[in-house]
Amino acid sequence: MSSTQAIRERLHDAGASFAANDNIAEYLLPGDIDVIQAEVEQHVQAVLEALVIDTSRDHNTKATAKRVARMYVREVFAGRFESAPEITGFPNASGLNELYTLGPIAVRSTCSHHLVPMTGRMWVGVVPGEKVIGISKLVRVANWIMSRPHIQEEAAVMLADELERRIQPKGLAVIVRAQHQCMIWRGVRETDTIMITNIMRGAFRDDRTLRSEFMALIKDQP
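Parameters and conventions
- Residues numbered from 1 in each chain as written.
- Predicted model: local features only at pLDDT ≥ 70, side-chain atom pairs only at ≥ 80, totals over all residues.
- Heavy atoms only, no water.
- UniProt positions renumbered as here; feature names shortened; annotations may be inferred.
- Pairing = 2+ DSSP bridges.
- Helix = DSSP H or I, 4+ residues; strand = E, 2+ residues; numbered from the N terminus.
- Buried < 20%, exposed > 50% of the residue type's maximum accessible area, 1.4 Å probe, protein only.

The name an unreviewed UniProt entry assigns to the protein is GTP cyclohydrolase I, from the organism Bradyrhizobium agreste. Taken directly from UniProt, the Catalytic activity (unreviewed entry) text for the protein runs: "GTP + H2O = 7,8-dihydroneopterin 3'-triphosphate + formate + H(+)". Looking at the Subunit (unreviewed entry) heading of the UniProt record, one finds this comment for the protein: "Toroid-shaped homodecamer, composed of two pentamers of five dimers."

Shown next, in the form of structure tokens:
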């Protein structure tokens, strides 16, 4: 049994999904992250060897497997393994009900089809309900969701679902504009194409004037 096989069996026994964009933090035990990273390193080393790269004598790739494993587990896919960021909500004591926007927020994610970068910008629009949170917390949640292998459409929906659950707004808008290296670096090699995903919930879906106001506010932002 491989080291991570025990983790997979634990997930199976719990009936938990562990797709590329799932978070599995609640099923991990102390030390599991180190186990995952060590096994990823072994397999990346096997990939390098399969590519006929002499890592024993090539100083550029001698530690590549270790670097890649740490990058995947601790950085670019950290949203799979880390618990959700702590967010404290406060009562909307002043009865705030006006639109506010946040952005651009950097999108740093990974295409789950080819495991290459998906980067761009996102904007969030909120009409508060009974709770408010600090705007930096919105960014923390966005980074936590995006730090996983994704397809963009699912990433935007997951972020909107998470924010709705956390802040219960009267209205929520999420717009993601990103470039995909799976189109730029390979395949059609189209360098200027941007994919745009719009999610409109509650008041933004029902009120065309509010939706237009939000779109106008972010229109000229880079």
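Describing the sheet that holds strand β6 (residues 171–180)
The strand order across the open sheet built from 5 strands is β5-β2-β3-β6-β7, with neighbouring strands paired in mixed fashion. Each having just a single partner strand, β5 (149–150) and β7 (195–202) make up the two edges of the open sheet.

Notes on the pairing of β6
For β6, the buried fraction is high: 8 of the 10 residues fall into the buried class. Two elements, strand β3 (residues 117–127) and β6, share 10 bridges in a ladder whose sense is antiparallel. Along β6, the bridge assignment pairs Met-118 with His-180. One ladder, built from 8 bridges, connects β6 with β7; its direction is antiparallel. Counted as the bridge partner of Val-176 is Thr-197 from β7.

A few points about the UniProt feature "domain: GTP cyclohydrolase I" (unreviewed entry) in the protein
Here, UniProt's "domain: GTP cyclohydrolase I" (unreviewed entry) annotation points to residues 41–218. Its end C-alpha atoms 42 Å apart, residues 41–218 is made of 42% helix and 26% strand.

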